[in-house]
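In case you want the letters, here they are:
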Amino acid sequence: MKKFIPFFLFVVIAAFLYFSLNDTSSKLPSPLLGKMFPSIEAKDFYSDESVLLTNLFNEKISLVNVWASWCVTCRQEHQMMMKIANNKDLQLIGINYKDKRVDGERYLEMMGNPFDVIVFDPIGKIGIELGVYATPETFLVDQKGVILYKHIGAIDSQVWEQGFIPHIKKKVI
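Residues numbered from 1 in each chain as written. Predicted model: local features only at pLDDT ≥ 70, side-chain atom pairs only at ≥ 80, totals over all residues. Heavy atoms only, no water.

## Describing the packing of aromatic side chains
Rules: Only the six-membered ring of Trp is used, alongside the rings of Phe and Tyr, when aromatic pairs are assigned; centres must lie within 6.5 Å, and planes under 30 degrees apart are stacked while those over 60 apart are edge-to-face, with the rest tilted. Going along the chain from the N terminus, every DSSP run of H or I of four or more residues is numbered as a helix, and every run of E of two or more is numbered as a strand. Three labels apply to residues, based on accessible area from a 1.4 Å probe with only protein chains included: buried if under 20% of the type maximum, exposed if over 50%, partly exposed otherwise in between. Counting as a charge over the ring demands two things of the Lys NZ or Arg CZ atom: a distance within 6 Å of the ring centre and an angle within 35 degrees of the ring normal.
Counted under the stated rule, the structure contains 9 aromatic pairs. For the ring pair Phe 37 and Phe 139, a centre distance of 6.3 Å and an interplane angle of 85° mean the geometry is edge-to-face. One end of the pair, Phe 37, is in the loop between α1 (4-22) and β1 (41-44); the other, Phe 139, is in strand β6 (residues 137-141), with 102 residues separating them in the sequence. Looking at Phe 37, the relative accessible area reads 4%, which means it is buried. By relative accessible area, Phe 139 is classed as buried at 0%. Here the aromatic rings of Trp 67 and Phe 115 are separated by 5.8 Å at their centres, their planes lie at 15°, and the arrangement is stacked. Here Trp 67 is found in strand β3 (residues 61-67), whereas its partner Phe 115 is found in the loop between α3 (101-111) and β5 (117-121), with 48 residues between them in sequence. One exposure class covers both Trp 67 and Phe 115, and it is buried. Here the aromatic cluster, defined as three or more aromatic residues joined through ring pairs, consists of Phe 45, Tyr 46, Trp 67, Tyr 107, Phe 115 and Phe 120. Its end group placed over the ring of Phe 45, Arg 101 keeps NZ or CZ at 5.9 Å from the ring centre.

Structure representation (structure tokens):
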């Protein structure tokens, strides 16, 4: 019987680790869901003019994507963002997070620019207001500025179809 105690402990610990590590951070709840997007003033990425983010939400549903040139996962997600940008019913707003403007510009030159509007957040102030946990993070915001959905991590076709599309269809219908 004593021979099975280490084996039993191993199985319990292995199961605990498996379920703990297999749980993704993209399932973290956001206190902002169902609430108005925070009224945040930011600087336009290219012109450095002040922009009130809530003024950007108009007749289109918006995808607000927090990204950075140094973010490996953002690079993995970028081609999907380029595909999403082809949907003319959506507005893509980028928040360049804790980055250097020159690095962000170089990134967009190399990878392409899927965004309709980009704001610059070099010190992470906007990220703090939004409760950004890691890059990339993406918020789906309706035309009135209400946050419908939030995803932490890269968007791939499965995440897009299962996470974002159902919320978009509810608002379009």
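After that view of the structure, there is still more to cover.
## Here's the deal with the packing of helix α2 (residues 72-84) against α3
Think of two packed helices as two axes; the pair is described by the angle between the axes and how far apart they sit. Quick note on the threshold: The axes used here are C-alpha line fits, helices contributing only the stretch in contact, and every angle between their N-to-C directions lies in the interval 0 to 180 degrees. For classification purposes, an angle smaller than 35 degrees is called roughly parallel, one larger than 145 roughly antiparallel, one from 65 to 115 roughly perpendicular, and anything else oblique. By convention the crossing between two helices is left-handed if the near helix lies anticlockwise of the far one by an angle smaller than a right angle, and right-handed if it lies clockwise. We call two residues contacting when some pair of their heavy atoms lies within 4.5 Å.
Closest axis-to-axis distance for the α2/α3 pair is 11 Å, and the angle between their directions is 55°. What the angle tells us is that α2 and α3 run oblique. α2 and α3 meet at a crossing whose hand is right-handed. For the pair α2 and α3, contact is made by Cys 74, Arg 75, His 78 and Met 82 and by Tyr 107, Leu 108, Met 110 and Met 111, respectively.

## With respect to the side chain of Lys 150
What counts here: Within 3.5 Å is the distance limit for a polar contact, defined as a pair of N or O atoms, with the added protein rule that one can donate a hydrogen and the other accept it, and that residues adjacent in sequence qualify only through two side-chain atoms.
Its location among the elements puts Lys 150 in strand β7 (residues 147-152). According to the relative accessible area criterion, Lys 150 is buried, its value standing at 12%. Polar side-chain contacts of Lys 150 include one of 3.1 Å to the side chain of Glu 137.

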